[in-house]
Amino acid sequence: MKTKVKAKRTKAKSTKAKKTKARFKEKEIEPKRRKDGRLTKAERTKLAILQSAEVVFAEQGYERTTLDAIGEPVNVLGTAVLYHFKSKEFLYQATLRFTNKALSMAVSEDIDQSASLEEMITKIAIDLIRHCAERPYGVMLFMREAATVTPGTNTVIGPMVGKTLQNLFDAVEAQTPS
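Residues numbered from 1 in each chain as written. Predicted model: local features only at pLDDT ≥ 70, side-chain atom pairs only at ≥ 80, totals over all residues. Heavy atoms only, no water.

## With respect to the overall build of the protein chain
Quick reminder of the rule: By the criteria applied, helices consist of DSSP H or I runs no shorter than four residues and strands consist of E runs no shorter than two, each listed in order from the N terminus. A simple rule labels every residue: compare its accessible area, found with a 1.4 Å probe on the protein chains alone, to the largest value its type can have, and call it buried under 20%, exposed over 50%, or partly exposed in between. The contact criterion used throughout is that any non-hydrogen atoms of two residues lie within 4.5 Å. Values of accessible area rely on a 1.4 Å probe in the Shrake-Rupley scheme; residue burial ignores everything except the protein chains shown.
Secondary structure summary: the protein chain contains eight helices and zero strands in total. The order of α-helices and β-strands along the protein chain, N terminus first, is α-α-α-α-α-α-α-α. Scored against the burial criterion, the 178 residues of the protein chain give a buried share of 33%. The contacts of the protein chain with a sequence gap of at least 6 include a subset with a gap of at least 24, amounting to 66%. When the accessible surface of the protein chain is split by element, carbon and sulfur atoms take 59% of a total near 11,900 Å².

In structure tokens form, the structure reads like this:
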């Protein structure tokens, strides 16, 4: 009898963990909004935490950063940060995605098979310079991450850069005469 109960509990925990994981992934994709289109208070707080994390992770690195240090600029306790992000590692990965999402999208738009190679590279360079000017801490975090190996390296930076480079290589190959 006890083994059946234990098996049900284990299955329930497993299902709950999957739902929790899905909830965090869901939040990442599309923030919740009110009927009038504004972000909910929770989403505004999450955005403020991401912006703070960008600066703190860039200045201190992953290992030296504490959740309290991230929460302090936005008047949130470190434990409250965990309400929005299930762990420091998850927050770090979300911060890397948040920081570089705009640049990745801009570069993807610049890779146009119909444009000349020179035009594509010029557009990408302009977007990169604009990104560096607008998000200096994001660039600092990206460079810090690229230079060191941390839990987020293989899961965030690699696929993000790899996909963009592959698209660029495909565009260059399409323009190269056979």
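There is more to say after this.
## Section: the packing of aromatic side chains
Under the convention used in this document: Here is the rule: rings of Phe, Tyr and Trp (six-membered ring for Trp) pair when centre to centre is within 6.5 Å. Planes less than 30 degrees apart are stacked, more than 60 are edge-to-face, and the remainder are tilted. Only Lys NZ and Arg CZ are tested; either one counts as a charge over a ring when it is within 6 Å of the ring centre and within 35 degrees of the ring normal.
Counted according to the given criterion, the structure contains four aromatic pairs. Where Tyr62 meets Tyr92, the ring centres are 4.9 Å apart and the plane angle is 65°; that geometry is what we call edge-to-face. Taken together, the residues span a long stretch of sequence, with Tyr62 in helix α2 (residues 41–64) and Tyr92 in helix α5 (residues 88–110) at a distance of 30 residues. A relative accessible area of 12% places Tyr62 in the buried class. Classification of Tyr92 as buried rests on a relative accessible area of 2%. A cation over an aromatic ring shows up here: Lys88 above the ring of Tyr62, its NZ or CZ 4.6 Å from the ring centre. Stacked on the ring of Phe98, the Lys or Arg Arg135 has its end atom at 4.8 Å from the ring centre.

## Some details on the pattern of salt bridges
Condition: The term salt bridge refers to a pairing of a side-chain nitrogen on Lys or Arg with a carboxyl oxygen on Asp or Glu at a separation within 4 Å.
In the structure shown here, the tally under the stated rule is two salt bridges. Here Arg135 makes a salt bridge to Glu54, at a shortest N to O gap of 2.6 Å. Of this pair, Arg135 sits in the loop between α6 (117–134) and α7 (136–147) while Glu54 sits in helix α2; the two residues are 81 residues apart in sequence, bridging distant segments of the chain. Of the charged contacts, one joins Asp127 and Arg130 as a salt bridge, the two residues approaching to 3.0 Å between their closest N and O atoms. Residue Asp127 and its partner Arg130 are both found in helix α6; the two are separated by three residues, about one turn of the helix. Judged by relative accessible area, which is 12%, Asp127 ranks as buried.

## A short note on the nonpolar core
Operational definition: To form a nonpolar core, buried Ala, Val, Leu, Ile, Met, Phe, Trp, Tyr and Cys residues must be joined to one another through side-chain atoms within 4.5 Å.
If you look at the biggest cluster of nonpolar residues, it comprises 19 residues, and the most contacted ones within it are Ile49, Phe57, Ile70, Val81, Phe85 and Leu91. If you list the elements that add at least two residues to this core, you get α2, α3 (67–71) and α5. Ranked by residue count, the leading element in this core is α2, at seven residues. Excluding anything up to four places from it in sequence, Phe57 contacts Tyr62, Thr65, Ile70, Lys88, Leu91, Tyr92, Thr95, Leu141 and Arg144.

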